[in-house]
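# Close look at the chain arrangement
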Amino acid sequence: MELADISDLLDESHFPHILCAGCGHGIALRAILQAIRKLNLPAERVVMVGGIGCSSRVVGYVRMDSIHTTHGRAVAFATGIKLARPDLKVLVIAGDGDLAAIGGNHLIHAARRNIGLTVLCFNNEIYGMTSGQYSPTTPPGSMSATSPYGAIERTFDLCRLVEAAGATYVARSTVNEVFILTEYIGRAIAHEGFSFLDIVSPCPTYFGRQNRLGDPVKLYESVKDRTVRAKAATKMSAEELEGKLVVGEFVRKNPPEYTAEYRRLVAARGGK
Amino acid sequence: MKTILLQGNEACARGAIAAGCRFFAGYPITPSSEIVEAMARELPLVGGSFIQMEDEIGSIAACLGASLAGVKSLTATSGPGFSLKQENIGYAAMAEIPVVVVNVQRFGPSTGMPTAPAQGDFYQTRWGTHGDHPVVVLAPWSVEETYRLTIRAFNLSEVHRLPVILLMDEGVGHLRERVELPEEGELAVWERPKPKEPPDLFDPVAHAGEEVPPMPPLGAGYRLRVTGLVHGSDGFPSESPETVAKLLRRLCGKVEGKPELLQAEEEGTDDARVLVVAYGSTARGAAAAVREARERGLPVGLFRPVTVWPFPEARIGELAAQAGEILVPELSLGQLSREVERAAGRRVRSLTRVDGNHWSPGEILAAIEEAGGWS
């Protein structure tokens, strides 16, 4: 895959950015901008909506409309934007804590409505911005600032969550496989209904360090070791899949999108 | 003018449509649900958007998103729901997003009594969200005033780019009375400031000196940068002490010391020896009591704040200087009277009530007579 020039989409005026050395979020943002460029989307048709957290801050570094909202509420803000302006591509970028814990309700209901948002979860399996507390995707046994004796909570599989809620494009990838990741992001953005992409993006500063996973390269290798493609996963037992990251596309279907349905309702009632 | 029978909550919805509101996101809650229902019915007919969100927080968040897209937005709730919306009211203040939030007060705290009137949210409307912030709160006492104030709430919210709270109560919200509504176009409708420059020439920094900078809609090429973090005029987060203080003082300055925001009604205040201060549905009983007293020749006056925040402290200070006794009936344990005391610079007679019922004119009249030494 050729890398396109995306420098006009990136606002470097306030670099150095806030992300730590070795963080995966910059790779994920580049993949998003590459996907937007590949789709030939004009920048003014795209709105990036972030929540609160490390990942959510990346929306501040693009040369597009960007809204850095409140913790957990990015999907709800985006719902209002999409309903008011169905012609826009509305991207939500937020972390696992933001989307799956405090914002979980908005996530499942946006999926249920099949509203045309693209939700890109930068999943680093930890709360990074607040210094490394365990999140709904932190693997059991992991050390974190709030699980000093090892996490005992079971994890959320966010792809299965939004699939059950009604999402119509669902996929997972990691920042280790940028070409596949870029491809999935492009499909998620092009998708008319609610699309969700779980992007596994390691956090060396808090997850890696507290779990003694070594330097960023070693941490990325540990993610690679845990990665299983969806097809291979079908042949593995539940025990074998424990702690693994199943990647691939899980849902691709096209029932009516919410804002299109709403505009049909308005037209039927004589509204403009 | 057209005369119809209308409910307070329905008048709010009608006023919103007349003000140009074309987006509503809400969640059902007593005693404000008629507003959600009316907006669900009316908005599609005028090409607007309605959505029933999954919760109260999502409702105001969706409104803020729609407002950023350039559409006037309303959400309506009551007590518990209003508590849930607080964080995003602060976001609206910080990010300067126009939005109107209706709070039809009900008895609290907690679930309290959903269908009982109360005025216990007086301070929450002003100080509910964290941090110093600007907010305007308007409190109607009748169905017709609800209609007019809903339009004014949108007007103020738009031109000052801040959240405006319409503080109703169960008494006003569920009241049905005959009203004369203005014809369409009779009441002025104001719009938010928009940039005159095209997107490629627009530089937010060039507007740094303005109290209310222009607000481009998203999706128009302006490359809007919005955040709830303290930010410079370029929209980028900043922790420079100078930038931080400048922003906070500018935001709060939109409201403080602005007499044009204050709206109040007075009756018999010129010669009042006993001054009654009341707002919302309590002012209905107070007005009846004051009229009855004046018919008996007693020097009694009523001051009814319509803008309750910013609080009309200068006018209350003036009136307090000439009145002997000040009587403050309310449906809470002294929230309004505490603020009146601050403005008056002395103690007042606080008439508190927390049993789920309204003050009757007779009860307020008896208190007036006692205060004036006329009983």
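Rules used throughout
- Residues numbered from 1 in each chain as written.
- Chains lettered and ligands numbered in written order.
- Predicted model: local features only at pLDDT ≥ 70, side-chain atom pairs only at ≥ 80, totals over all residues.
- Heavy atoms only, no water.
- Helix = DSSP H or I, 4+ residues; strand = E, 2+ residues; numbered from the N terminus.
- Rg over C-alpha atoms; globule rule 2.2 N^0.38 Å.
- Buried < 20%, exposed > 50% of the residue type's maximum accessible area, 1.4 Å probe, protein only.
- Contact = heavy atoms within 4.5 Å.
- Expected span 1.5 Å × (residues − 1).
- Buried area = accessible area lost by both parts, 1.4 Å probe.
- Salt bridge = Lys/Arg side-chain N within 4 Å of Asp/Glu carboxyl O.
- Polar contact = N/O pair within 3.5 Å; in protein donor to acceptor, adjacent residues only side chain to side chain.
- Domains from an automatic or database assignment.
- Pairing = 2+ DSSP bridges.
- Axes fitted to C-alpha atoms, helices over the stretch in contact; angles between N-to-C directions.
- Core = buried A, V, L, I, M, F, W, Y, C linked by side-chain atoms within 4.5 Å.

### Focus: the overall build of chain B
A count of helical and extended segments in chain B gives 12 helices and 15 strands. A globule of 375 residues ought to have a C-alpha radius of gyration of about 21 Å, and chain B, at 21 Å, matches this closely. With respect to the three principal axes, the spread of C-alpha positions in chain B is 70 × 45 × 40 Å. Within chain B, buried positions represent 61% of all 375 residues. Partitioning the contacts of chain B with sequence separation of at least 6, the portion at a separation of at least 24 is 76%.

### Here's the deal with helix α6 (residues 178-190) of chain A
Given a rise of 1.5 Å per residue, 13 residues ought to cover 18 Å, and the 18 Å separating the end C-alpha atoms of α6(A) matches this to within 8%. Of all the positions in α6(A), only A:Leu181, A:Thr182, A:Tyr184, A:Ile185, A:Gly186, A:Ala188 and A:Ile189 are classed as buried.

### Here we look at the interface of chain B and chain A
Taken together, the contacts link 41 residues of chain B with 40 residues of chain A. With both chains or domains summed, chain B and chain A bury close to 3,200 Å², and 56% of this area falls on carbon and sulfur atoms. The interface formed by chain B and chain A contains 2 salt bridges. A salt bridge links A:Arg113 to B:Glu54; the shortest N-O distance between them is 2.6 Å. Our count for the chain B to chain A interface comes out at 24 residue pairs in polar contact (both at pLDDT 80 or more). Counting residues per element, the ones that place at least two in the side of chain B that touches chain A are β3 (49-52), α3 (56-68), α4 (79-95) and β9 (225-227) of chain B.

### A closer look at the domain arrangement of chain B
All names here are of chain B. We note that the domain assignment places domain 1 (2-181), domain 2 (199-253) and domain 3 (264-372) within chain B. Contacts between domain 1 and domain 3 engage 29 residues on the former and 28 residues on the latter. The junction of domain 1 with domain 3 conceals about 2,300 Å² of combined surface from both sides, 57% of it contributed by carbon and sulfur atoms. A per-residue breakdown of the area domain 1 buries against domain 3 is headed by Gln119, Phe122 and Trp141, which together make up 38% of the total. On inspection of domain 1 and its partner domain 3, the count reaches 2 salt bridges. The salt bridge partner of Arg304 is Glu145, with a shortest N-O separation of 2.8 Å. At the boundary of domain 1 and domain 3, one finds 15 residue pairs in polar contact (both at pLDDT 80 or more).

### Side note on the sheet that holds strand β2 (residues 65-68) of chain A
Taken in spatial order, the 9 strands of this open sheet run β7(A)-β8(A)-β5(A)-β6(A)-β4(A)-β3(A)-β1(A)-β2(A)-β9(B), and their pairing is mixed. Every interior strand has two partners, whereas the edge strands, β7 (227-229) of chain A together with β9 of chain B, have only one. Strand-to-strand twist across the sheet, computed as the mean angle between neighbouring axes with direction ignored, equals 20°.

### Digging into the sheet that holds strand β12 (residues 300-305) of chain B
Residues and elements named next belong to chain B. With mixed pairing, 5 strands are arranged side by side in an open sheet as β10-β12-β11-β14-β15. Each of the sheet's edge strands pairs with one partner strand only, and the pair in question is β10 (264-267) and β15 (349-352). With strand direction ignored, the average angle separating the axes of adjacent strands in the sheet is 20°. The sheet contact formed by strand β11 (residues 274-277) and strand β14 (residues 325-330) spans 3 bridges and is parallel. Looking across to β14, one finds that Val274 is bridged to Glu325. Of the strands in this sheet, β10, β11, β12 and β14 are in contact with helix α10 (residues 313-322), which crosses β12 at around 170°. The strands touched by helix α11 (residues 335-344) within the sheet are β11, β14 and β15, with β14 carrying the most contacts at an inclination of about 155°.

### Details of the nonpolar core
By size, the foremost hydrophobic cluster in this structure holds 124 residues, and its most contacted members are A:Val49, A:Phe194, B:Met39 and B:Leu74. Examining the composition of this core, we find that 8 residues originate from one element, helix α2 (residues 74-84) of chain A, more than from any other. If near-sequence neighbours (up to four positions away) are discounted, B:Met39 is found in contact with B:Ala13, B:Ala16, B:Ile17, B:Cys21, B:Phe24, B:Pro44, B:Phe50 and B:Leu74. In terms of nonpolar packing, the next biggest core, distinct from the first, is built from 38 residues, A:Met48, A:Leu120, A:Val175 and A:Tyr220 among them.

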